[in-house]
Amino acid sequence: MQISPSEDKIPVVDPASSPRDNDEGHYFADGQRKVDYVLVFHWHRHSSLRSLVNTSVSQDRLSVVSNGNFPLTVGSEATAGKKVAKPVVDAACVGEVFMELGSAGGHDHGEAADKEMRLIREEFEANLQDAGLEIERDKDVKAHGPSFTRLHAPWPVLCREAEFLRIKVPTKMSYELKEETGFGSSMSTVWRKLSQPFQPKVPRQEQGHTKFLSHCFSREKIQMYNITSKETFFDSTTRSRIVYEILRRTVCVRTCQTIGINTLIAKGAYEAAFPLHDGDYHHTANENPEEKNDRQPDGERGTKLDPECRVSIQILYEEWASYSSFFKYQPIDLVRNYFGEKVGLYFAWLGVYTQLLIPASLVGIIVFCYGVATVDTDIPSLEMCDEQHNFTMCPLCDAGCDFWHLRTACATARASHFFDNPATVFFAIFMSLWAVLFQENWKRRQMSLSFRWDMTGVEEDEEHPRPKYETTLLQKRQKKQKQKKKKKKNEPERQEGGTVTGKDRWRQKLLSAMAAGTPSDVDRLTWKDRLPGYFINISSILFMFALTCSVVFSVIMYRITMVALMSVSSDPAIKANVRVTVTSTSVVISLVVILILDEIYGSVAAKLTELEIPKTETSFEERLILKAFLLKFMNAYAPIFYVAFFKGRFAGRPGMYTYVFNHYRMEECAPGGCLIELCIQLSIIMLGKQLIQNNVFEIGIPKLKKLARAIKNKGLVEKEKKEEKPPQQWKLDYTLESFDGLTPEYMEMIIQFGFVSLFVASFPLAPLFALLNNVIEIRLDAKKFVTELRRPVAVRAKDIGIWYNILSGLGKFAVIINAFVIAFTSDFIPRLVYQYVYSPTGTMQGFTDSTLSYFNVSDLKAGTVPQNSALGEVTICRYKDYREPPWSPEPYQLTKQYWCVLASRLAFVILFQNLVMFLSLLVEWVIPDVPRTIMEQLKREKKLLVDVFLQEEKEKLQLIQSLFSKDNPLQTANLPSGPGFPIPGHSSALATGLAQTKVIVNFRRKKTNILPLYISGDRVERVPAFHFLGVHIEEDLT
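On a predicted model such as this, the values are computed, not experimentally measured, just so you know.

S.K.: Looking at this structure, I do not really get a nonpolar patch on the surface. What am I missing?
M.R.: A cluster of nonpolar side chains, contributed by Val588, Val592, Ile596 and Ile600, occupies part of the molecular surface with about 330 Å² of accessible area. Inspection of the secondary structure assignment puts valine 588 in helix α18 (residues 578–611). Judged by its relative accessible area of 43%, valine 588 is partly exposed.

S.K.: I would appreciate a short explanation of the pattern of salt bridges in the present structure.
M.R.: Should the charged atoms of two oppositely charged side chains come close, the side chains can pair. Taken as a whole and judged by the stated rule, the model has 33 salt bridges. Measuring nitrogen to oxygen at the nearest pair gives 3.7 Å for the salt bridge that ties lysine 880 to aspartate 827. Here lysine 880, found in strand β19 (residues 876–880), pairs with aspartate 827, found in the loop between α25 (802–825) and α26 (828–838); they are 53 residues apart in sequence, far enough to count as distant. Looking at lysine 880, the relative accessible area reads 40%, which means it is partly exposed. Within this structure, Arg559, Lys647, Glu667 and Glu677 form a network of salt bridges that share partners.

S.K.: Is there a simple way to explain α25 in this structure?
M.R.: Since there are 3.6 residues in each turn of an α-helix, residues three or four apart along the chain are aligned in direction. Here α25 is 24 residues long and its end C-alpha atoms lie 32 Å apart, about the 34 Å a rise of 1.5 Å per residue gives. Most of α25 is tucked away: 18 of the 24 residues are buried.

S.K.: Honestly, the nonpolar core in this entry has me stumped. Any pointers?
M.R.: Among soluble globular proteins, nonpolar side chains are generally buried collectively. Ranked by internal contacts, the top residues of the largest apolar core, which has 127 residues, are Trp349, Trp434, Tyr637 and Phe759. Counting residues per element, this core draws most heavily on helix α19 (residues 617–645), at 16 residues. Filtering out sequence-adjacent residues up to four positions away, tryptophan 434 remains in contact with Tyr353, Leu356, Leu357, Ala360, Phe753 and Val756. Counting 37 residues, the second-largest nonpolar core is a separate cluster that includes Leu133, Leu151, Leu158 and Ile246.

S.K.: Can you walk me through empty space enclosed by the protein in this structure?
M.R.: The gaps of empty space that remain are located by a probe, the size of a water molecule, rolled over the atoms. If you walk through the whole model with that rule in mind, you get seven cavities of 30 Å³ or more. Taken as a whole, the largest cavity spans an internal volume of roughly 140 Å³. If you go around the largest cavity, you meet 16 residues; those closest to its centre are Val552, Val555, Ser590, Pro639 and Gln681. When residues in the lining of the largest cavity are grouped by element, the largest group, six residues, is from helix α16 (residues 527–567). Surrounding the second largest cavity, Cys394, Pro395, Cys397, Asp398, Gly655, Met656, Tyr657, Tyr659, Arg665, Leu860, Lys861 and Thr864 form its lining. Here the residues of the lining of the second largest cavity sort into seven nonpolar, two polar and three charged.

S.K.: Would you explain the confidence of the model for the protein chain in this entry?
M.R.: Detail in the predicted coordinates should be disregarded across regions flagged by low pLDDT. Summarising the model, the protein chain shows a mean pLDDT of 75, and 74% of its residues fall at 70 or more. Within the protein chain, helix α10 (residues 341–374) carries the highest mean pLDDT (93), whereas helix α1 (residues 76–80) carries the lowest (35). Here residues 513–519 is a poorly scored stretch, pLDDT under 50, and it has one contact once near neighbours within four places are set aside; other chains count. Note on residues 970–1038: pLDDT under 50 across the span, and 122 contacts to partners over four residues away in sequence or across chains.

S.K.: Quick question: what am I supposed to make of the state of the cysteines here?
M.R.: Disulfides are covalent bonds that connect the sulfur atoms of two cysteines. Counted under the stated rule, the structure contains three disulfides. One disulfide bridge connects cysteine 394 with cysteine 877, the sulfur atoms lying 1.9 Å from each other. Between cysteine 394 and cysteine 877, the S-S torsion sits near 80°, and that sign places the bridge as right-handed. Here cysteine 394, found in the loop between β12 (392–393) and β13 (404–405), pairs with cysteine 877, found in strand β19; they are 483 residues apart in sequence, far enough to count as distant. The pair cysteine 394 / cysteine 877 is uniform in exposure class, with both members buried. The disulfide bridge from cysteine 669 ends at cysteine 674, spanning 1.4 Å between sulfur atoms. In this structure, the disulfide formed by cysteine 669 and cysteine 674 twists by about -75° around the S-S bond and is classed as left-handed. In this structure cysteine 669 comes out as partly exposed when scored by relative accessible area, which is 22%.

Procedures and definitions
Once a new chain begins, its residue numbering starts again from 1 and follows that chain's sequence as written. Reporting of local features is limited, given that this is a predicted model, to residues whose pLDDT is at least 70; pairs of side-chain atoms are given and counted only at 80 or more, and all residues count toward the totals for whole chains, interfaces and linings. Each side-chain value is derived from all of the structure's non-hydrogen atoms; neither hydrogens nor water enter the calculation. What goes into a patch is any residue over 30% in relative accessible area without a salt bridge, connected to like charges within 9 Å or, for nonpolar side chains (Val, Leu, Ile, Met, Phe, Trp, Tyr), within 5 Å. Note on areas: these come from Shrake-Rupley sampling with a 1.4 Å probe, and a residue is covered only by the protein chains present in the view. Salt bridges are defined as contacts in which a side-chain nitrogen from Lys or Arg sits within 4 Å of a carboxyl oxygen from Asp or Glu. Secondary structure counts use DSSP, requiring at least four H or I residues in a row for a helix and at least two E residues in a row for a strand, with both numbered from the N terminus. Working definition: with a 1.4 Å probe on protein chains only, accessible area under 20% of the residue-type maximum means buried, over 50% means exposed, and in between means partly exposed. A helix is expected to span 1.5 Å multiplied by its residue count minus one. Residues grouped as a nonpolar core are buried Ala, Val, Leu, Ile, Met, Phe, Trp, Tyr and Cys residues, joined through side-chain atoms within 4.5 Å. Contacts were defined at the residue level, with two residues in contact if any of their heavy atoms lie within 4.5 Å. Within this scheme a cavity is a closed region of a 1 Å grid, computed over the protein atoms alone, that accommodates a 1.4 Å probe without allowing it to escape, whereas a pocket is open but has protein on both sides within 12 Å along at least five of seven lines; lining residues each have an atom within 4 Å of a point. Grid points are joined across faces, edges and corners, and a volume is the space filled by probe spheres set on the points. Each residue receives one of three labels: charged for Asp, Glu, Lys and Arg, nonpolar for Ala, Val, Leu, Ile, Met, Phe, Trp, Tyr, Cys and Pro, and polar for the others, Gly being one of them. A residue's pLDDT is the predictor's confidence in that residue, given on a scale from 0 to 100. Two cysteine sulfurs form what is called a disulfide whenever their separation falls within 2.5 Å.

This is the structure we're talking about:
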């Protein structure tokens, strides 16, 4: 372990000596100061430790402060020849030792890097102390392994930063919420009683119908806030956020010219930085209640937990992260209080999405049941299954395939009716409106949460540049400086041939002065600096799009090849199940490839975003989300788009088939249409992604990582067990996975939303499977946050950001996709056209025959005619298309019915889109974004806050009047005694011992509501106040 002399001012303490047993690692050694944040760095095993005795200071040694393990001998300071700084801990147990950095042999590079990192940490932590933070280190001196630095923010720092960050806190002022009356009140009461079993057992933040007004924290108005205890007024979430803001803006100028803890982690000076969890998430019933009260850091904001004394993380584990609570509502307020607004909004959004999937699932089940119930009365299916309609179909492949009867596809036709029936159109319209309702409902819910969490009117935090941006900018500056030095060296040589006149100097000064107001190119990165990254991004994205298309084409080739091979098989069972086997295996292959490419595309998107060098984390996150979404959207939906809109469109007709590589015939849709294949493709990919990603990626991989960390730290754990040390919370949290953001969770749900909305016309049961998945997903993510991840820094957020724009775009795109699926993939439009235009009886009788064209077998190309057909000699076969028969004057040309169906399909697409868009706009107009009750409460709170400020200023005015009447009764008559306006320009002087206070009262009428007077104790400052009086007080010490 290497500790510099400048670090000896930092307390080096024994964690086991805490008066409160350190609250399992939540407090400093004194048992009073709370650990708000932890910094972790690693010592490397290439140094040896020895005492100062009989040694002399050399260039390769560092002075450190001993924690008591090294005896301090007499004369050590004289031997060292250096002054030892005074440590904070007891001098009796502190000595100075030296650490030998090693010989000048093979570890020079590593030791030099460690020394540089140590110097960076020294400067950074010294600046943290200058910012007001208090620091504590471990007692143990280690030669290798993690070392922990604990940070504490005292009350003055918390107040200063809370005012700087404009954190809203409750005031003493409260008001009664307006209660509903009439029918609405009765319905609310009934709903509360019905939903009571589904409510989690979480202590309520606000009892009854009372709400406390919130206002941005201000040290000048500290008497307004209900501060019962300075230790619990700011909860652990707010404290960690305040410390993180200090860490984020603290600079290191002398050593590395960087700013913020994130840059230092990227450089390797620190390994990790995180706030602590509230303790163990397991609730032990036999614990002493008093001890558990001590272990409770602060519970919910403004909330005292119930007598069971469960800390927040224990409540979250039992009532939120448990699979047995799958039927309960989420404790969103507690989630927000513990993890911050950004995480709280994600789980609130996921909860709203899951709740609204319930009606969509019910409607989908009804549509599916309608198809099952009417399959026996569906005339086209009955015609295909009727043996009397002996339709002899043309071969499915060349040479090896035989003629076949249409009735062999009876099962496919009946299964297709389950999803392709008249109710499908209604369901597609319903789901398009459902997507709009979901977005509108979420906007209202988001506004309600923003009001409840006091996020209304909160400005976005200013962001600091990312480490990559700072590094690139520093390199650019250094390059510019080198160029200037070269230019200055060459300047005398260039000026030998002429002189610079005064006019030229004046022009240069003028131009430099004009450019001083605008940032130079050296102070920022321009598009020219990012041009290589943009070029690589565009080319890489195009390459990955081509890769996805090539994968889809490879699967197509697999299907074509397998159909050809299985069709020439001598096994009748294989021939009978060619389509089912090929379709199922190809979808499984597509699923495996999609899952692999998903992981690859996620990593590639992050690296491509780094090449763009975004300035802030928000910009980086938005660009990463867009790239990852585009790549994963293309990867997940490319096979589905092919089956829905391209399969069978370019296959040709008998005698003129389209061939791939002049040998393989393009595949066609099944006799019942491509919708059933689209349903199979969509269901397998959707269910497979959800099951495999949930079970393998979100459960299995974290378990393996946890097992690997346990094996890695096995020696350390056994050592602590031998020493019988209680596990410290920072060590327990250090073994957890770091929090990498919510992008993977959002991405998974957005892709699922696409499955539910885009192709829902082909698979009405998609909302049901999404609902079942999300019920598990909520508890799975909750358990991961509580048990597997380090506690994230609370980030303020008023909305879900760019994800809402993606949702809105998907909702509008879903209208177009469903319109084309119904019009071109299903048989809904052809059936309508036949029934109302071509049917002789006005029914569906004869529909199957009308969709099949005739072909003369003699027109087949040589070598493609089946030999020794099992059906005997066949002269005419049928194929699915709208073409003229061979005996027509224009054989095999498209019929008028084809053009009529095509026109009807296009007309349906236009009508469907405009109808759904109109209904969507109507829904958006009818449903306001902000609930009426929230608007009323916002207006009421503003009025009450104004009243509070006016009352406060009135009290200050009365204080001044009493001050004058007590200390200078002769001037009382001339001072204001009410709302009147005395003589302007009145002044008075008060004798107060050695100090004389001159009070100058300026009276003037004002048309505004601003008064420059504010008194808090013995301070007088200018703030918004009353409207008819201005008082200025000056103190002159004589």
